[in-house]
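Residue-level listing of the chains:
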Amino acid sequence: MEGTGTTLEHRMLNDTLGALGDGTHATLSAEQGILLLEGWLNALPGDVGAERILAEVAALRDHLKTGNPDGEKIRHWLLSMASHTLALSHEPSVDAATESQLKQLATALRAFTNQI
């Protein structure tokens, strides 16, 4: 998230954190997950450092759309997204508020994998 990020990026962060909470009690249907992932696909293009996350978001969204999700693949993508999100939070161009939210998101994604 370059600079202070866009309004859409901040809205997606808030929406995703709202849906996941701390990740330990989240209940997301595949449809809700697809909507969140598509929101991220709209929010992230052009962000420095977000290319790997975008590829993972697209792959996970496409996998969920098959209607036959594989929990192990989903866990792998979520853990990878968590790692890349945490790395992105340390970028010098990320403001303090966004850094905090990105760290929360990384933690929630990791916790959410335990429910899959």
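Please refer to the structure placed before this passage.
Residues numbered from 1 in each chain as written. Predicted model: local features only at pLDDT ≥ 70, side-chain atom pairs only at ≥ 80, totals over all residues. Heavy atoms only, no water.

**Here we look at the side chain of H63**
Short version of the rule: In DSSP terms, a helix is any run of H or I states spanning at least four residues, a strand is any run of E spanning at least two, and both are numbered starting from the N terminus. Pairs of N or O atoms are called polar contacts if they sit within 3.5 Å, as long as, within protein, a hydrogen donor faces a hydrogen acceptor (for residues adjacent in sequence, only side-chain-to-side-chain pairs). Here, two residues are considered to be in contact whenever any of their heavy atoms come within 4.5 Å of each other.
As for its position among the elements, H63 is in helix α3 (residues 51–65). A polar side-chain atom of H63 sits 2.8 Å from the main-chain amide nitrogen of D70. Those residues in contact with H63, other than ones at most four positions away along the chain, are N68, P69, D70, K73, I74 and W77.

**Some details on helix α4 (residues 71–89)**
Threshold: Multiplying 1.5 Å by the helix residue count minus one yields the expected span of that helix. Any residue under 20% of the maximum accessible area for its type is buried, any over 50% is exposed, and the rest in between are partly exposed; the area is computed with a 1.4 Å probe on protein chains only.
An ideal rise of 1.5 Å per residue puts 27 Å on 19 residues; α4 measures up with 27 Å between its terminal C-alpha atoms. Here α4 has its buried residues at I74, W77, L78, S80, M81, A82, H84, T85, L88 and S89. If you follow the buried residues of α4, they end up packed against α3 and α5 (96–113). A side-chain oxygen of the first residue of α4 lies 2.8 Å from the backbone nitrogen of E72; this N-cap is D70.

**Examining α5**
For α5, built from 18 residues, the straight-helix expectation of 26 Å at 1.5 Å per residue is met to within 8% by its first-to-last C-alpha distance of 26 Å. By the burial criterion, the buried members of α5 are T98, Q101, L102, L105, A106, A108, L109, A111, F112 and T113. In this structure, the buried side of α5 is in contact with α1 (7–20), α2 (30–43) and α4. Between the side-chain oxygen at the start of α5 and the backbone nitrogen of A97 there is a gap of 3.1 Å, and the oxygen is on D95.

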